[in-house]
Amino acid sequence: MKHSKPYLIRENDVSCNIGRLDEAWEGSPTFLYFSGKSGVPIDWLETKVGLIENEFSEGHFILLTSGSTGRPKLVVGHRRRAERLCGILHELQSSEPVKEAVCLLPLTYCYSFVNQWLWARQFGRSLIMTPGLSEPAEIRTALTHTRDAMLCLVGAQVPLLIRHFPSESFAGIIRVHFAGGRFPQENLSNIKRLFPNAEIYNNYGCAEAMPRLTIRPAKASPEASNIGKPLPGVELKSDEHSRILFRSVFGAVAMIDDTGLSRIANDTWVPTGDLGRPLEDGQWQILGRSNEVFKRYGEKVSIPQVLSTVRDHWDGQADCYRQADPQGEEGYVLVLSPIPINEEVRKLLRRVGGAFSRAHWPLRVEGVTKMPLLPNGKVDRQRLASNDNARIVWHQRL
């Protein structure tokens, strides 16, 4: 039996004609949907797609991700699985009243692709495309005129929304979903001010989960680290190192990277890349990415915990990147935007010092005019670490 060869669809092609995605979904051949701004060479994509075997050559879709590693990876999903997941999300996110989905994230991002494009297709809702937060005037128009609409955001977009719309609110948004990183608990009051009629959800998952593992209504917990309970059909566990692994009836069926194609069987436990633990009531707590928790002078340091304290007392954006000190000890650099004045830095460090031991302090504090972002709205930590325009505003004396 002859099988079709997977083909490639560029994001630009879809932005000109959203019907391209519908045609691809309705057809049999597997397709790769990717952003032309990913920096991944087209010949790499073509070579890796060529590894797709007969069993995955029809009825599937492929998305490109770099995850937390910065190395490109193709994730292969099954269309019927993704449609079943949309049905679960529709119910658990109380989406029946929602009539429109406003896209502030690229559809090549798995979270937006499933939670917005596929959901809108499956339930006959409208999809409103925007250029993202780089064009505040267009976003204002879209948010002002929409009714009974849903937004999918990542936490890094919230300070930008606050900055662009310091006194406005958008009553037509009735659902706001966060995923793709830490839930912005410290900005919940501002989110409610921006979207006074919205129910807000903290969603957790990864591209390998395609993309959802848990859901928590924001009002269910005051802790950003609480990600709620696993979806029906999803199992979570943590190993002896607190690494979270999952099995899901909705998850990806294969991954392709520089090592080749790896199948994901139904009984395979897949690492999420996060550390966490189950809570007594069946909910889960995230402790941080595997590369965000480390030991400094023998003491365990959690970057997410430090950032949570910083963000509670900083109105702008805050993030970090890992770096070793001159003695080779693990550490990190705190980056703030906009560039802080000396007194603001001293106040923040006093807050950090009051909450944590000296091992948790950053090696230095840098200020940038604007945080570099990935196409999916997350902070680009690789560019953050190599930003020649960053200003050093404080340096730890070791």
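Conventions and cut-offs
Residues numbered from 1 in each chain as written. Predicted model: local features only at pLDDT ≥ 70, side-chain atom pairs only at ≥ 80, totals over all residues. Heavy atoms only, no water. Pairing = 2+ DSSP bridges. Helix = DSSP H or I, 4+ residues; strand = E, 2+ residues; numbered from the N terminus. Axes fitted to C-alpha atoms, helices over the stretch in contact; angles between N-to-C directions. Core = buried A, V, L, I, M, F, W, Y, C linked by side-chain atoms within 4.5 Å. Buried < 20%, exposed > 50% of the residue type's maximum accessible area, 1.4 Å probe, protein only. Contact = heavy atoms within 4.5 Å. 1 Å grid on protein atoms, 1.4 Å probe; cavity = no way out; pocket = protein on both sides within 12 Å on 5 of 7 lines; lining within 4 Å. Points joined across faces, edges and corners; volume = space filled by probe spheres on them.

A.B. asks: So what's going on with the sheet that holds strand E22 (residues 364–367)? Which residues, and what values?
C.D. replies: Adjacent strands of a sheet form backbone hydrogen bonds with each other and so pair up, either parallel or antiparallel. In space, the four strands of this open sheet follow the order E20-E21-E22-E23, with mixed pairing throughout. Across the chains shown, the open sheet's two edge strands, defined by having one partner strand only, are strand E20 (317–324) and strand E23 (391–395). Taken over all neighbouring pairs, the strand axes of this sheet differ in orientation by 25 degrees on average, direction set aside. Pairing of E22 with E23 involves four bridges; the strand directions are antiparallel.

A.B. asks: Tell me what's going on with the nonpolar core, and back it up with residues and numbers.
C.D. replies: Residues Leu21, Trp25, Phe31, Tyr33, Phe61 and Phe113 are the most contacted members of the largest nonpolar core, which totals 54 residues. The greatest single-element share of this core, amounting to eight residues, is contributed by helix H5 (residues 110–123). Phe61 has contacts with Trp25, Thr30, Phe31, Val75, Val76, Gly77, His78, Arg79, Ala82, Phe113 and Met210, leaving out every residue within four places of it along the chain. In terms of nonpolar packing, the next biggest core, distinct from the first, is built from 25 residues, Leu133, Ile139, Leu143 and Ile173 among them.

A.B. asks: So, the layout of surface pockets: which residues are in play, and what are the values?
C.D. replies: In this structure, the second largest pocket occupies an estimated 900 Å³ of space. As for the second largest pocket, its lining consists of 35 residues, of which Pro106, Pro131, Gly132, Ser134 and Pro375 are closest to the centre. For the lining of the second largest pocket, the element with the most residues is helix H1 (residues 11–16), which contributes five residues.

A.B. asks: Any details on helix H9 (residues 303–312)? Residues and values, ideally.
C.D. replies: Burial analysis of H9 places seven of its ten residues in the buried class, the great majority of the element. Residues Ile303, Pro304, Val306, Leu307, Thr309, Val310 and Arg311 constitute the buried set of H9.

A.B. asks: Go over unusual backbone geometry with me, naming the residues and quoting the values.
C.D. replies: Cis peptide bonds are those with omega within 30 degrees of zero, and the linkage from Met210 to Pro211 qualifies with -15 degrees. Geometrically, the link from Ser337 to Pro338 is a cis peptide bond, its omega value of 0 degrees lying close to zero. Assignment of secondary structure puts Pro338 in the loop between strand E21 (330–337) and helix H10 (342–355). With a phi angle near 55 degrees, Asp148 is a residue other than glycine that sits in the positive phi range.

A.B. asks: With reference to specific residues and values, describe the pairing of strand E19 (residues 299–302).
C.D. replies: One ladder, built from four bridges, connects strand E18 (residues 293–296) with E19; its direction is antiparallel. Of the residues in E19, the one forming a bridge with Lys295 is Lys300.

A.B. asks: Summarise the sheet that holds strand E2 (residues 31–34); cite the residues concerned and give the values.
C.D. replies: Read across the open sheet, the six strands follow the order E1-E2-E3-E4-E14-E15; overall the sheet is mixed. Because the sheet does not close on itself, it has two edges, and the strands there are strand E1 (7–10) and strand E15 (260–263). Looking at each pair of strands side by side, their axes are set apart by 25 degrees on average, direction ignored. Of the strands in this sheet, E2, strand E3 (60–65) and strand E4 (73–78) are in contact with helix H4 (residues 79–92), which crosses E4 at around 75 degrees.

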